[in-house]
Amino acid sequence: MGQLDGKVAIITGAAQGMGENHARAFVEEGARVVVTDLQEEAGRELAGELGEAALFVAQDVTSEADWDRVVAAALERFGRIDALVNNAAIWWTATVLEETADGLRKMLEVNVVGVWLAMHKVAPAMRDSGGGAIVNISSTAGIHGIPEHGAYGASKWAVRGLTKVAAHELGPLGIRVNSVHPGGIKGTGMFQRPEEEHDAIFRHNPIPRAGERSEVSALVVFLASDASSYITGHEHVIDGGRQLW
Ligand SMILES: NC(=O)c1ccc[n+]([C@@H]2O[C@H](COP(=O)([O-])OP(=O)(O)OC[C@H]3O[C@@H](n4cnc5c(N)ncnc54)[C@H](O)[C@@H]3O)[C@@H](O)[C@H]2O)c1
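The shown structure was predicted, so the numbers you read here are calculated from the model rather than taken from an experiment.

A.B. asks: Help me understand the overall build of the protein in this model?
C.D. replies: Each helix and strand counted, the protein has seven helices and seven strands in total. The order of α-helices and β-strands along the protein, N terminus first, is β-α-β-α-β-α-β-α-β-α-β-α-α-β. Taken over C-alpha atoms, the radius of gyration comes to 17 Å for the protein, in line with the 18 Å a tight globule of 245 residues would show. For the protein, the spread of C-alpha atoms along the principal axes amounts to about 50 × 40 × 40 Å. The buried share of the protein, taken over its 245 residues, is 52%. Once local pairs closer than 6 in sequence are excluded, the contacts in the protein between residues at least 24 apart make up 69%. Working note: accessible area of the protein is about 11,400 Å², and carbon and sulfur atoms make up 54% of it. With 21 positive and 32 negative side-chain charges, the protein shows a separation of 4 Å between the mean positions of the two kinds.

A.B. asks: In this structure, what is going on with the site of the ligand? I would like to understand it.
C.D. replies: The full set close to the ligand counts 28 residues, and Gln16, Asp37, Asn87, Tyr152 and Gly189 are the nearest of them. Within the backbone of Met18, a nitrogen or oxygen atom sits 2.8 Å from an oxygen atom of the ligand. A distance of 2.6 Å is found between an oxygen atom of the ligand and a side-chain nitrogen or oxygen belonging to Tyr152. Protein contact buries 93% of the 840 Å² of open area that the ligand shows by itself. Listing elements by their share of the shell around the ligand, those giving two or more residues are α1 (17-28) and α5 (150-170). Split into classes, the residues belonging to the shell around the ligand amount to 13 nonpolar, 12 polar and three charged.

A.B. asks: In this structure, what is going on with the nonpolar core? I would like to understand it.
C.D. replies: In globular proteins that are soluble, nonpolar side chains generally tend to be buried together. Within the largest apolar cluster, 33 residues are counted, with the highest numbers of intra-cluster contacts made by Ile10, Trp67 and Leu84. Put simply, the parts of the chain that give this core at least two residues each are β1 (8-12), β3 (54-58), α3 (64-78), α4 (101-128), α5 and β6 (175-182). Per-element accounting of this core gives the leading share, 10 residues, to α4. Sequence-distant contacts of Trp67, that is, excluding residues within four places in its chain, are made with Ile10, Thr12, Gln59, Val61, Leu84, Asn86, Gly114, Leu117, Ala118, Lys121 and Val122. Counting residues in hydrophobic clusters, the runner-up holds 30 residues, among them Ile11, Leu50, Ala83 and Val220.

A.B. asks: Honestly, the side chain of Thr140 in this entry has me stumped. Any pointers?
C.D. replies: If you trace the backbone, Thr140 turns up in the loop between β5 (132-137) and α5. Among the residues examined, Thr140 registers a relative accessible area of 10% and is labelled buried. Once you skip the residues sitting within four places of it in the chain, Thr140 turns out to touch Ile146, His181, Pro182, Gly183, Val237, Asp239 and Gln243.

A.B. asks: Whenever I open this one, the packing of α1 against helix α2 (residues 40-50) confuses me. Can you help?
C.D. replies: How two helices sit against one another is set out by the angle between their axes and by the gap between those axes. Remark: α1 packs on α2, axes separated minimally by 11 Å, with the N-to-C direction vectors making an angle of 15°. Comparing the axis directions of α1 and α2 gives the class roughly parallel. The two elements α1 and α2 meet at a crossing, and its hand is right-handed. Each of Glu20, Ala23, Arg24 and Val27 in α1 lies in contact with α2, whose residues at this interface are Leu46, Glu49 and Leu50. Residue classes in the contact of α1 with α2 are distributed as four nonpolar, no polar and three charged.

A.B. asks: I tried to follow the pattern of salt bridges on my own but got confused; where do I start?
C.D. replies: Two side chains that carry opposite charge are able to pair once their charged atoms sit near each other. All told, the structure shown has 17 salt bridges when counted by the stated rule. Taking the shortest distance from any N to any O, the salt bridge between Lys121 and Glu64 comes out at 3.5 Å. Taken together, the positions of Lys121 in helix α4 and Glu64 in helix α3 put the pair 57 residues apart, joining distant regions of the chain. Looking at Glu64, the relative accessible area reads 44%, which means it is partly exposed. Note that Glu235 is salt-bridged to Arg160, the shortest N-O span being 2.7 Å. With Glu235 in strand β7 (residues 235-238) and Arg160 in helix α5, this residue pair connects regions lying 75 residues apart in the sequence. Because the salt bridges share partners, they merge into one network encompassing Glu20, Arg24, Glu49 and Arg213.

Calculation rules
- Each chain has its residues counted from 1, following the order in which its sequence is written.
- Where local features are concerned, this predicted model is filtered to residues with pLDDT of at least 70; where side-chain atom pairs are given and counted, the filter is 80 or more; whole-chain, interface and lining totals use all residues.
- Side-chain numbers come from the whole structure's heavy atoms, not from hydrogens or water.
- Secondary structure follows DSSP: runs of H or I at least 4 residues long count as helices, runs of E at least 2 residues long count as strands, and numbering of each begins at the N terminus.
- Using C-alpha atoms as the atom set, the radius of gyration is obtained and then compared with a globule rule of 2.2 Å times the number of residues to the power 0.38.
- Think of it in three bands: residues with accessible area under 20% of the maximum for their type are buried, residues over 50% are exposed, and the middle band is partly exposed, with areas taken using a 1.4 Å probe on protein chains only.
- Contacts are assigned to residue pairs with any non-hydrogen atoms lying within 4.5 Å of each other.
- Accessible areas in this description were obtained via Shrake-Rupley with a 1.4 Å probe; residue shielding takes into account the shown protein chains only.
- In summary, the charge assignment counts Lys and Arg as positive and Asp and Glu as negative, without counting His or the chain termini.
- Charged groups are reduced to one reference atom each: NZ for lysine, CZ for arginine, CG for aspartic acid, CD for glutamic acid.
- By convention in these notes, a residue is near a molecule or strand provided one of its non-hydrogen atoms lies within 4 Å of it.
- Any pair of N or O atoms that falls within 3.5 Å is considered a polar contact. Within protein, one atom must be able to donate a hydrogen and the other to accept it, and sequence-neighbouring residues count only if both atoms are side-chain atoms.
- Under the convention adopted here, Pro, Cys and the residues Ala, Val, Leu, Ile, Met, Phe, Trp and Tyr are nonpolar, Asp, Glu, Lys and Arg are charged, and Gly plus all remaining residues are polar.
- The term nonpolar core refers to a set of buried residues drawn from Ala, Val, Leu, Ile, Met, Phe, Trp, Tyr and Cys, joined through side-chain atoms within 4.5 Å.
- The convention used is that axes are lines fitted to C-alpha atoms, helices contributing only their stretch in contact, and that angles between N-to-C directions extend from 0 to 180 degrees.
- In this scheme, roughly parallel covers angles under 35 degrees and roughly antiparallel covers those over 145, while 65 to 115 is roughly perpendicular and the rest are oblique.
- If you view the pair so one helix is near and one far, a crossing is left-handed when the near helix is turned anticlockwise from the far one by less than a right angle, and right-handed when it is turned clockwise.
- Just to be clear on terms, a salt bridge is a Lys or Arg side-chain nitrogen sitting within 4 Å of an Asp or Glu carboxyl oxygen.

Encoded structure:
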């Protein structure tokens, strides 16, 4: 028996990186998934590989019309929505002195407005499906201040705060909302440091290595599953203990 048997999930930014792995893990655990991304070719390829259990919908998470299409496609193909993983995001580094106002606006548009729109558009269908779980992917940059992560950090702190407000408001509708805060995770677009640098980066961590995508997927699956039925509104840090510093 899978942890997500019978559930239907929407996973954004799932053409590559952690989102792709989440989509594979959700299907392995018995869910049917709507994979969305800006990258059409890679998204379609993944959905094709996952077969009948997956549907790809091209989407810009900042577009309200795209969210309407994603919700309609999910309901038309699978008839319900039980889980939403807000994984799509953008990232770059810049000091406060280097960043531009347009850069900050762009980061907030994708990483914050995208997550807000997702919850705003998907929650009614989730309520009508009998409730569900939303997992918002933040970062350890949304837990403390990391130099050169001003715009990205602001966006990920916002996701953390939005998660708590949504948990308050959507709880009575049967919807749980949690945030996940990964540290450096290998095999992703946002963490491309060569293995030879890992020792320098991670050697002081209690678990002195980069994280695996599968380790984050296991947490996201748990938060989307009924096994976490009494957990809402919390930050779930997955970073090998780096936050202890
Ligand atoms: N990689 C890490 O080490 C790390 C650490 C902490 C947090 N995170 C967070 O985890 C999540 C996944 O990270 P990753 O490194 O796997 O990402 P990634 O860069 O590998 O993939 C992100 C995906 O999002 C898509 N995307 C970007 N903008 C979009 C938009 N406007 N609409 C739709 N799709 C869009 C991209 O096309 C891409 O496929 C992100 O929220 C990221 O902030 C990553």
